[in-house]
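An overview of the molecular structure
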Amino acid sequence: MSRRALIGQRSWLRLPSARIALVILAVVIFLSVFGSALAPQNPLTINANALFQGPSLHHLLGTDYLGRDVLSRLMAGTRLSVLTAFEAVGIGLVLGAPLGVAAVFLGRWFDFAVNRVSDALMTLPYIFFAVAVTAALGNGLVQAMSAVGILLAPGFFRVTRAATLEFASAQYVEAAELLGATKLHVIRVHVVRKVLPTIAVTTAMAAAGALLAVSFFTFLGIGVTPPAPTWGGVLSSDLDYLSQAPWAPFIPGALIAITVGALNALADAFRDRIGPGALPALDPVIKTHSTLTQSDREATDVRQTAA
Amino acid sequence: MVAFIDVELTGAAGAIAPRRRRARSIAAKLGGGLAVLIPVVVLSSFITYCLGALSNSNPAATILGQDAATPAAVAKLDRALGLDKPLVVQYWDWFTQAVQGHLGVSYFTQIPVSQSIAQRLPVDLSIALLAVVLAVLIGGTAGTVAAVKRGSWFDRGVTIACSVVSTLPAFVVGIILVVLFAVSAHLLPASGYTPPSAGIGPWLEHIILPALALALQVAADIARQLRTSLVSVLDQNYIVGARVRGLPYRRVLVRHALRNASGPALTILGNDFPIMLAGAVAAEVVFSLPGLGQLLLAAAEERDIPVVQGVLLVVATFVIVVNLVVNTLLAWLNRSADGVSA
């Protein structure tokens, strides 16, 4: 089989940006598994003779204010960032996506209730919510990121609901229902498979957001015990010594930006693959005007067809 | 309920003048909006309150300290703080007080929460407002020019710049700005805050860098969205028609195209506002500004629950208010379309 046939004409892998993004993400995931084992030096070793050194052969990315090797610290800090970002995206996906399908099929009141909870969650900025959660449940990155996961859920919910609404009113679903298909069959065969690409785009974007959140939390020092290396932690220690080493923050900054950029590129590639219009239009946070009446009308249409 | 109002409106519509009909249509939508808004306000404040109540710390014991926390003293203080009542009753007491502007007092400093918030809110408001202005100016201009000069080097430059900026979190942008303008060039102060009462010049000097750090990402989002919708609007027949009638291009662009294309960009602004508030916390840290984020972080560390609840409630209120403004603007932008269809 030729390589072209393997990848496929319409595959999202056709885009060079998607391939580069996949390579970057593979490296990041590899580092999150083996990073601390492969780190050239101990990320915690303090060397008073080598403070604020620029990149050199011995320290590829230089040293920080305690003479610790920056490359080793970033490699060892990868696992925490990636794992907690996964945690947040997982929570958001598991909470949001099934509810999005359920809201379309379980009736008007259920739909209204879940929509209002999702609206309410969207009014809470993630950093304030996460800090409040750590105040309530204990200061840990896992707690903070579970809060982020809960706030990612409305995004998954809205996208899934909108996509489900669109497919649930399609003619082939009507035909299947006339042939006596059960709701469960319709959801499994006709809706879920069609909604999955849309969810894939949202997942990639949510992962980018979660990664930004986790680096911000570690930057603020939420849920991190100081000597432990993290991406955001390296950045925040650089901030205190800008006059000695003004170039230092660019290294962890670039690492965060490249990883987030790779996830965005992947989301764009997925989006190109499923075509424009497959993603629902952007809704305002609180739907008080035309958006509400319109989607409600659509929802009613679907239910009338289903009944 | 919304559908009901709509039906009633259509029934009466034939008899009344279009202008009044339009006003009624907007009023009905605002009314329908309230039916959505009230549950949202109650739910988000309830979530806020429950976070405090969920706290596994025992507030009375924390306040009294280890030695004085005898069971009797704890029970007495619990009663004084109202913590012995059922959760829903506690929430209702807190919510009705909060609506009147009383957010309780800090467990530790005994300073009223609304007072400490009022002290710090101007800092974040200054940054956020200036950031919105900057984001609209930068993003709006870049998006419009990119759409008008579609395919030019400027258009491609805007697209690339937007992709790069959207990968950079506000705190990284903030640090880059500090390095560029404060550490290397000594043009602007790297930290601190002066209230506008001390002079507009110094005030602007202190908030321009943090505001720019927040604004860039939102500006990128606005530019991208505006470019997309403006490109599709500019291809519409009515734009061609307006130009054929000999209207000046600038007028067509502003009154015909931009008005119809700016809806999605406005929606982006509403959606991005919570992200901007998060960015404001980052900016507070990077530029050492005494804002709400610092208050919240300190309160969270010592589990000063009334402060945490108060800050979260105020922030959520701001998000809701901003989105109401955005929604009203959207309704105003769409007013002619509503008048025809309703």
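Residues numbered from 1 in each chain as written. Chains lettered and ligands numbered in written order. Predicted model: local features only at pLDDT ≥ 70, side-chain atom pairs only at ≥ 80, totals over all residues.

**Let's talk about the nonpolar core**
Residue and element names in this part refer to chain A. What counts, and what does not: We define the nonpolar core as any set of buried residues of the types Ala, Val, Leu, Ile, Met, Phe, Trp, Tyr and Cys, connected via C-beta atoms lying within 7 Å of each other. Counting other C-beta atoms within 10 Å of a residue's own tells you its class, since 20 or more makes it buried, 12 or fewer makes it exposed, and anything in between is partly exposed; those C-beta atoms are placed from the backbone. Secondary structure is summarised from DSSP: a helix means a run of H or I of at least four residues, a strand means a run of E of at least two, and numbering begins at the N terminus for each. By the convention adopted here, residues make contact when the C-beta atoms placed from their backbones lie within 7 Å.
If you look at the biggest cluster of nonpolar residues, it comprises 175 residues, and the most contacted ones within it are Ala132, Val148 and Ala210. If one sorts the elements of this core by residue count, helix H8 (residues 183–220) sits on top with 20 residues. Residues within four places of Ala210 in sequence aside, it is in contact with Ala85, Ala88, Val89, Val148 and Leu152.

**Description of the interface of chain B and chain A**
Applicable threshold: Each residue receives one of three labels: charged for Asp, Glu, Lys and Arg, nonpolar for Ala, Val, Leu, Ile, Met, Phe, Trp, Tyr, Cys and Pro, and polar for the others, Gly being one of them.
Listed as interface residues are 57 residues of chain B and, on the opposing side, 45 residues of chain A. The element that contributes the greatest number of residues to the side of chain B that touches chain A is helix H2 (residues 18–54) of chain B, accounting for 13 residues. Taken together, the residues that form the side of chain B that touches chain A break down as 40 nonpolar, 14 polar and three charged.

**Remarks on unusual backbone geometry**
Positive phi outside glycine occurs at Ser288 of chain B, with the angle close to 40 degrees. On the secondary structure map, Ser288 of chain B appears in the loop between helix H11 (249–286) and helix H12 (292–301).

**Observations concerning the packing of helix H3 (residues 70–105) of chain A against helix H9 (residues 231–239) of chain A**
All names here are of chain A. Our working rule: Lines fitted to C-alpha atoms define the axes, with helix axes restricted to the stretch in contact, and inter-axis angles between N-to-C directions lie between 0 and 180 degrees. For classification, angles of less than 35 degrees are called roughly parallel, those exceeding 145 degrees roughly antiparallel, those between 65 and 115 degrees roughly perpendicular, and all remaining angles oblique.
Packing of H3 against H9 brings their axes to within 7 Å, and their N-to-C directions diverge by 135 degrees. It follows that H3 is oblique to H9 by the angle criterion. Here Val70, Arg73, Leu74, Gly77 and Ser81 of H3 lie close against H9, whose contacting residues are Trp231, Gly233 and Val234. Its residues assigned to classes, the contact of H3 with H9 shows four nonpolar, three polar and one charged.

**Notes on the confidence of the model for chain A**
All names here are of chain A. Heads up, the rule is: pLDDT expresses how confident the predictor is about each individual residue, on a scale running from 0 to 100.
Per-residue pLDDT for chain A has a mean of 76; in total, 80% of the residues score no lower than 70. Contacts from residues 1–9, a stretch scored under 50 in pLDDT, to residues over four places away or in other chains number three contacts. Low pLDDT (under 50) marks residues 288–297, which in the prediction has 20 contacts with non-local residues, meaning those over four places away or in another chain.

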